[in-house]
2 protein chains.
Amino acid sequence: MKKIRIAIAGYGNLGRGVESAVAQSADMELVGVFTRRDPASLHTKTGVPVCKMEEVPEKASGIDVMILCGGSANDLPAQTPELAKYCNVIDSFDTHAKIPEHFANVDKAARESDHLAIISVGWDPGLFSLNRCYGQAVLPQGKDYTFWGKGVSQGHSDAVRRIPGVKDARQYTIPVDEALTQVRQGKTPDLTTRQKHTRECFVVAEEGADTAAIETAIKTMPNYFDEYDTTIHFISQEELDRDHKGIPHGGVVFRSGVTGLEGENHHVVEYKLTLDSNPEFTASVLTAYARAAFRLGQQGQTGCRTVLDIAPGLLHPQGPEELRKNLL
Amino acid sequence: MKKIRIAIAGYGNLGRGVESAVAQSADMELVGVFTRRDPASLHTKTGVPVCKMEEVPEKASGIDVMILCGGSANDLPAQTPELAKYCNVIDSFDTHAKIPEHFANVDKAARESDHLAIISVGWDPGLFSLNRCYGQAVLPQGKDYTFWGKGVSQGHSDAVRRIPGVKDARQYTIPVDEALTQVRQGKTPDLTTRQKHTRECFVVAEEGADTAAIETAIKTMPNYFDEYDTTIHFISQEELDRDHKGIPHGGVVFRSGVTGLEGENHHVVEYKLTLDSNPEFTASVLTAYARAAFRLGQQGQTGCRTVLDIAPGLLHPQGPEELRKNLL
């Protein structure tokens, strides 16, 4: 059987994650990594060739699906519609508020060039979105809850690093146990931001820095920290490098709802992820959806899709008959 | 907006569950219940009209989707292909080993009459199957675990009731906490049947019955109990009626797998259901998939599908644009 030819655009943590996810997929092969850096400066872990981003048009005929591994703030808004002109594409665009605009741009580019695109693939948006959808559809009288963590928030870690006197930092988002327990028990509390998550920071201060001032700057930072209870630990760079090198994450989506003519029976649906590596798991989700993009492209479908439009069976290497036999 | 016209075939626990699920769905209306009993003997909870099963052909033009609420052993194998001749149908066929055969029969009938059918809808098969599919697709190097309970097993309760000297009985399937904990922690143990679930029976013995003999008969019953640790409580009929009237159920599907070129990062995906009423929740899943069957039928699609073939967004009352905005 001919393998699905995957290419990667952007070789950071997410790109390396896709590289290893493709290596785990017997029906796929990685044909190249495209980068805006000097290709000679880049050595891929599996030895796959590296090309300049400008080479995509000439190499596109050898690519079944391009997995975009850039960032949502600066890379994907322009890159996904641009690359959709040349091949089927998948991205992990995660700026929730801008998804409709991004969808429209990618849809137009993909339709005009007869390609298939899937955007906002990962776990949130992605698998968590699916679970919100299934939950609401099955239990229309109910309430959603999404908790994130325990995990590293890159955005919050960056925000702490920008404070004067901070040399390095790592921020963890942690769901509040009591809130989780209440929801699991079938209660449907109204929870404030503070009641849902706490934040924990591990900070390396510069020599002679005013740690009290740093602590105040963190705890009062608008949007990022002021609505949360935050714990701050000052540690050495060695400790940070030794104990906080990983990029774990995860979270839980709940649907808590009632059935019966009087709403007399209660049901709780819980979907929980516990992830050692956020980028590698996200990359694995992208890679599974690349299989779906390939199959839909083979059917002659074009335009943009999201995870909500993709039948689950399309992600799985087995065909429909095997899946019915083995998984139902 | 015109509402989706739903009919129910079979008015037991599941049929009554569909009746209340439709009442919760603003875009649906229940147009009738079809029964093999005497319609005059049946009074629906919402007052919806009851018709004889033989009237389906003449009433079919007023039905968008028929939800079949019969049993997998005796009703659905013949009923689903038969009714698919007249309208779009959904069933909860759950005899796992016979799904391929049932699929083929329903597919043929539905294609020949230009209808759309979805079979094996519920939570297992159904939502659990979806989660096995997503889990395997995203984490190809990993292991699946499915636990059932705590919940009432109708089949096991019936088996106990057939033992001489037993007047009434209720059996609960219970997952073993230690096994759940191990899997949640990211371990991937090989678990025997006995290590995964225990069974608990509440038995009402007939006056003067040999309870020791009943206990032995239960614990040694092949297939049903002999591979499990079973606890038996003899109680009065009053206690059984008072404390064990409900039909709770639930369970957990796990995917535990690794990513990274050396498999160095571990991930656990957990999908957990805690259900007060097994038939009402199953009915709610059927009702959500009835919406998908209607939409696919509107698109002119025909033949048989399973939950693995249905895009999640099709289940939700909102359209794709709203879902992208609100759920992604």
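Look up: the structure comes first, before these words.
Residues numbered from 1 in each chain as written. Chains lettered and ligands numbered in written order. Predicted model: local features only at pLDDT ≥ 70, side-chain atom pairs only at ≥ 80, totals over all residues. Heavy atoms only, no water.

Focus on the nonpolar core
Counting residues in hydrophobic clusters, the biggest one holds 153 residues, and the most contacted among them are Met66, Phe281 and Tyr289 of chain A together with Met66, Phe281 and Tyr289 of chain B. Beyond its immediate chain neighbours, meaning those up to four positions away, Tyr289 of chain B contacts Tyr134 of chain A together with Ile90, Ile118, Val121, Leu130, Val307, Ile310 and Leu315 of chain B. (Core = buried A, V, L, I, M, F, W, Y, C linked by side-chain atoms within 4.5 Å. Buried < 20%, exposed > 50% of the residue type's maximum accessible area, 1.4 Å probe, protein only. Contact = heavy atoms within 4.5 Å.)

Remarks on the layout of surface pockets
Here the largest pocket defines a volume of roughly 1,700 Å³. Taken together, 47 residues make up the lining of the largest pocket; nearest its centre are Ser72, Asp94, Gln154, Gly155 and Asn278 of chain B. At four residues, the largest contribution of residues to the lining of the largest pocket is made by helix H6 (residues 154-161) of chain B. For the lining of the largest pocket, a count of residues per class yields 15 nonpolar, 23 polar and nine charged. Asp94, Asp124, Gln154, Gly155 and Asn278 of chain A are the residues nearest the centre of the second largest pocket, which is lined by 44 residues in total. Broken down by secondary-structure element, the contributors of at least two residues to the lining of the second largest pocket are helix H1 (13-23), strand E2 (28-35), helix H6 (154-161), helix H8 (193-196), strand E10 (197-205) and helix H11 (278-298) of chain A. (1 Å grid on protein atoms, 1.4 Å probe; cavity = no way out; pocket = protein on both sides within 12 Å on 5 of 7 lines; lining within 4 Å. Points joined across faces, edges and corners; volume = space filled by probe spheres on them. Helix = DSSP H or I, 4+ residues; strand = E, 2+ residues; numbered from the N terminus. Nonpolar A, V, L, I, M, F, W, Y, C, P; charged D, E, K, R; others polar.)

Examining the relation of the copies chain B and chain A
For these two chains of identical sequence, chain B goes onto chain A by a turn of 180 degrees and a shift of 0.0 Å along the axis, with RMSD 0.0 Å. In the structure described here, the two chain copies are related by an operation that fits a two-fold rotation axis. Of the C-alpha atoms belonging to chain B, the one lying closest to the rotation axis is found on Ala311 of chain B, 2.0 Å away. An overlap of 100% is found between the interface residues of chain B and their copies at the interface of chain A, pointing to a shared contact surface. (Least-squares fit on C-alpha atoms with pLDDT ≥ 70 in both.)

Considerations on the environment of His156 of chain A
Residue and element names in this part refer to chain A. Looking at the secondary structure, you find His156 in helix H6. For His156, a relative accessible area of 14% puts it in the buried group. A C-alpha to C-alpha distance of 22 Å links His156 and Ala283, two positions 127 residues apart in sequence. Excluding residues that lie within four positions of it along the chain, His156 makes contacts with Gln171, Arg199, Tyr224 and Phe225. Among the polar contacts listed, one links the side chain of His156 to the side chain of Ser153, at a separation of 2.8 Å. (Polar contact = N/O pair within 3.5 Å; in protein donor to acceptor, adjacent residues only side chain to side chain.)

Read these as spatial facts, not as claims about activity.
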